[in-house]
Number of protein chains: 2
Amino acid sequence: MNQSPIGIFDSGIGGLTGVKAIQAALPFERIIYFGDTARVPYGPKSQVTIRKYASDDTAMLMRYQPKIIIVACNTVSALALDVVEKSCGNVPVTGVLKAGARLAAEGTRNNRIGVIGTQATVSSNAYGLAINQLNPDIEVISQACPLFVPLAEEGFIDHPATKLIAAQYLAEITKEGIDTLVLGCTHYPILRKVIEETVGPDIRIIDSAEAVAFRTRELLTQSGLLTSSMKASAPHLLVSDLPQKFSMLYQLFMDSEMPDVELVDV
Amino acid sequence: MNQSPIGIFDSGIGGLTGVKAIQAALPFERIIYFGDTARVPYGPKSQVTIRKYASDDTAMLMRYQPKIIIVACNTVSALALDVVEKSCGNVPVTGVLKAGARLAAEGTRNNRIGVIGTQATVSSNAYGLAINQLNPDIEVISQACPLFVPLAEEGFIDHPATKLIAAQYLAEITKEGIDTLVLGCTHYPILRKVIEETVGPDIRIIDSAEAVAFRTRELLTQSGLLTSSMKASAPHLLVSDLPQKFSMLYQLFMDSEMPDVELVDV
């Protein structure tokens, strides 16, 4: 069981920020990643559709008998974590949302936390609910930033248009006196520099991909499931579609050459 | 047969610019529209996946016995028009790509045409091929503008960031001495004003949604298939997912209140 892989899925390639964070936290674990690139994005879709996709994605990973399943997709974490839990028997499940919410709730000093994400994540108020479950005194202020994903995927990391859009999206939320800002979408770490510059040095950024990697290390350590291997390996990549830009995006997200990718049918 | 509807499909809501153009050109025709909102966007996906989706979309419309099928999706027009033709028997098919290409080829005076579209449309060079089939002397210069769709859907019609991005995307293409620019993506008419301002008054804009509406009127007139009805009706809308923003987007695209929408399974 200890030698089993860590399974991680996302609606597309965004979850690779999670893979990168896991590699940093747990360099010797085998990772199997499924990106539902044929049906990405989940964010703007309805809850019924998102829940069906979450079930498909879990089934895909279960074929590889993972020792833990990580939901790298904020939308699924927000709207369908129970579907994932129901679809994978006794395998533990952790998601970016709960992990990010916990790190933020533990870190805030003035009990004012900002959350940015896709429209679906923000509308669901899932971060607010998760944070308030941990500490009902925390006020959570959210803002949808729908253009951040396409800007990240276009590689407009440091573009004046990205700065303008970030300034507009983040204007209200930074006026609210928050001391912590959760990047509630896996793509956003790609734009972390612009976001940090926009909100200024007094607001601590919580990257939910990093948060879920810490949480995974914690869960595997507690349950004695850490690998005994001392050899790092490239992640095993499954995608439901192989878009033209995939290799460029892989490099953008992972900062390394793309390994072989397996095309699968959902 | 004359009273049968016009069938039109797109990967999502973008094809509504086609519906609007058809309503303007053929106000008394019944229109049935299918938007594959559960699997949008097609643009960045692979050809195999796009061709499968094209076949599904055609089958969906064929249930309603349309007298003509309009492919409002540039990606399908570029990569899978033959799939649509094969899936619909004797029903005539027309697509935004051929219609836009024809209007541009007939309109250019200096034989230099620019085409903007999604990455998939541009990479396929389908507009170039279609234009050169009509006139091999025309030079076609293309530019992918991946952020235009999300900017349009965010309603950033007149935003400074949109102007910056348009200026960057269109800088090279306008230096090429083109006299005609094809909007090779159904969303782009939403940003027509910014695009026109960016390229200047000497370049004629060809809207492929308008072009396919003209072509449809021509085809129905030639084959005696125009309706005898004198009553306008709202389009019959089918979608594979009902996203939260749908009604806002419908209004943005159609400039009218959304009629009832039917949710269908693909």
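Refer to the structure printed above.
Report follows, based on the coordinates. On a predicted model such as this, the values are computed, not experimentally measured, just so you know.

A closer look at the pattern of salt bridges
Tallied over the entire structure, the rule returns 33 salt bridges over all chains. A salt bridge links Asp36(A) to Arg39(A); the nearest nitrogen and oxygen atoms lie 2.8 Å apart. A relative accessible area of 0% places Asp36(A) in the buried class. In this structure, Arg112(B) and Glu176(B) form a salt bridge, with 3.2 Å as the shortest nitrogen-oxygen distance. Of this pair, Arg112(B) sits in strand β5 (residues 112–117) while Glu176(B) sits in the loop between α9 (160–174) and β7 (180–183), placing them 64 residues apart in sequence. Residue Glu176(B) is classed as partly exposed on the basis of its relative accessible area of 33%. A cluster of three or more residues bridged by salt bridges with shared partners is formed by Asp36(A), Arg39(A), Lys52(A), Asp56(A) and Asp57(A).

Considerations on the relation of the copies chain B and chain A
For the pair of chain copies, the relating operation is a rotation around an axis with a shift along it. Once chain B has been moved 0.0 Å along the axis and rotated by 180°, it coincides with chain A to within an RMSD of 0.0 Å. Both copies of the chain, as the preceding transformation shows, are related through a two-fold rotation axis. In this assembly, 100% of the residues forming the interface of chain B have copies in chain A that are likewise at the interface, indicating an isologous arrangement.

Some words on the interface of chain B and chain A
Counting residues at the interface gives 30 residues for chain B and 31 residues for chain A. Where chain B abuts chain A, roughly 2,300 Å² becomes buried across the two surfaces, and 58% of that area is made up of carbon and sulfur atoms. In this assembly, chain B and chain A are joined by 14 residue pairs in polar contact (both at pLDDT 80 or more). Counting only elements with at least two residues in the side of chain B that touches chain A, the list comes to α2 (47–62), α6 (119–124), α8 (148–153) and α9 of chain B. Here the side of chain B that touches chain A gets six residues from one element, more than from any other, and that element is α9(B). Tallied by class, residues from the side of chain B that touches chain A come to 18 nonpolar, eight polar and four charged.

Each value, and the rule that gives it
- Residues numbered from 1 in each chain as written.
- Chains lettered and ligands numbered in written order.
- Predicted model: local features only at pLDDT ≥ 70, side-chain atom pairs only at ≥ 80, totals over all residues.
- Heavy atoms only, no water.
- Salt bridge = Lys/Arg side-chain N within 4 Å of Asp/Glu carboxyl O.
- Buried < 20%, exposed > 50% of the residue type's maximum accessible area, 1.4 Å probe, protein only.
- Helix = DSSP H or I, 4+ residues; strand = E, 2+ residues; numbered from the N terminus.
- Least-squares fit on C-alpha atoms with pLDDT ≥ 70 in both.
- Contact = heavy atoms within 4.5 Å.
- Buried area = accessible area lost by both parts, 1.4 Å probe.
- Polar contact = N/O pair within 3.5 Å; in protein donor to acceptor, adjacent residues only side chain to side chain.
- Nonpolar A, V, L, I, M, F, W, Y, C, P; charged D, E, K, R; others polar.

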